[in-house]
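Take a look at the letters that make up each chain.
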Amino acid sequence: MWIFILAELLVFAIFFTSYAFARSGNVALFNHYQQTLNRDIGAANTLILLTGSLFVVLAVQAIKAGKVSLCRNWLLASIGSGALFVILKGIEFADKFGQGISLSTNTFYMFYLSLTFFHFMHVILGMIILAAVAWKAQAGDYSAAEHTGVETGASYWHMVDLVWIVLFPLVYVIR
Amino acid sequence: MKIAILWLLLVGLTLLTWWAGQVGYSGQWLVVALLISVFTKGHFIIADFMALREVSPLWRILVHGWLVLVLCLIYLAYWVGM
């Protein structure tokens, strides 16, 4: 899983660098259209992902203590935070699509839509992974002695969080 | 307890980032401050949330290296665009 996570980080690094250098050649355009983004939703989604990550850490701590039900409940809470992220991001996307904005509108929106949608898909994949881990926890597959699966799922979720930590200021704030 | 304090720190830094955007600050020093803030948040996520503080230094160096490289390239691009 860690090789997979590093590969994902590499892809996001290319995306971030491409965005940053594309911006350097179109500063006025990027600064102008950045103001059309909903920074409140962006910040709220950052807080939601951070809280989801806290829940995942608590799930790992619970399984290390042999508390299987508590581990499952924290995992379900983190999936809930992911669902909240998806809903808010969906509202943001719907607003932009409703205004007729698409990948071909301009360079800024091409990067904004592709970057945030790519990350959005990772949140959904993270939720699926956490759901599978919660399912296995419920089935009694994890214990205080053997919980590698929980830690692996947790690492993926933290990677999704880490990437958003860079994405939010880069796309929504830096000007 | 420690993890809850870290979470509060991460929330505080996020709110500062949001506030900087709301008041419309811009410029090189704001970008430097924001990137330091991102590094701080990223460091704690890598070391304490991912728990890489407890494993082989190789993984920690790789993920921290990713973060530092990305932030340096973002700053370089910003500087080029100034």
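Residues numbered from 1 in each chain as written. Chains lettered and ligands numbered in written order. Predicted model: local features only at pLDDT ≥ 70, side-chain atom pairs only at ≥ 80, totals over all residues. Heavy atoms only, no water.

Colleague: Give a description of empty space enclosed by the protein that names residues and reports values.
Modeller: Counted by the stated rule, this structure contains one cavity of 30 Å³ or more. Taken as a whole, the largest cavity holds about 40 Å³ of empty space. A:Tyr19, A:Ala20, A:Arg23, A:Leu170, A:Ile174, B:Ile74 and B:Tyr78 are the residues that line the largest cavity. Contributions of two or more residues to the lining of the largest cavity are made by helix 1 (2-25) of chain A together with helix 3 (57-81) of chain B. In terms of residue count, the dominant contributor to the lining of the largest cavity is helix 1 of chain A (three residues). (1 Å grid on protein atoms, 1.4 Å probe; cavity = no way out; pocket = protein on both sides within 12 Å on 5 of 7 lines; lining within 4 Å. Points joined across faces, edges and corners; volume = space filled by probe spheres on them. Helix = DSSP H or I, 4+ residues; strand = E, 2+ residues; numbered from the N terminus.)

Colleague: Outline the interface of chain A and chain B, supporting the account with residue identities and numerical values.
Modeller: Residue-level contacts link 39 residues of chain A with 39 residues of chain B. A combined buried area of about 3400 Å² lies between chain A and chain B, and 82% of that area is made up of carbon and sulfur atoms. Ranking the residues of chain A by area buried against chain B places A:Trp2, A:Leu162 and A:Arg175 at the top, with a combined share of 16%. Joining chain A to chain B, the criterion identifies zero salt bridges. Summed over the shared surface of chain A and chain B, the result is seven residue pairs in polar contact (both at pLDDT 80 or more). Among the elements of the structure, helix 1, helix 3 (39-64) and helix 6 (148-173) of chain A are those that each provide at least two residues to the side of chain A that touches chain B. Per-class residue counts for the side of chain A that touches chain B are 26 nonpolar, seven polar and six charged. (Contact = heavy atoms within 4.5 Å. Buried area = accessible area lost by both parts, 1.4 Å probe. Salt bridge = Lys/Arg side-chain N within 4 Å of Asp/Glu carboxyl O. Polar contact = N/O pair within 3.5 Å; in protein donor to acceptor, adjacent residues only side chain to side chain. Nonpolar A, V, L, I, M, F, W, Y, C, P; charged D, E, K, R; others polar.)

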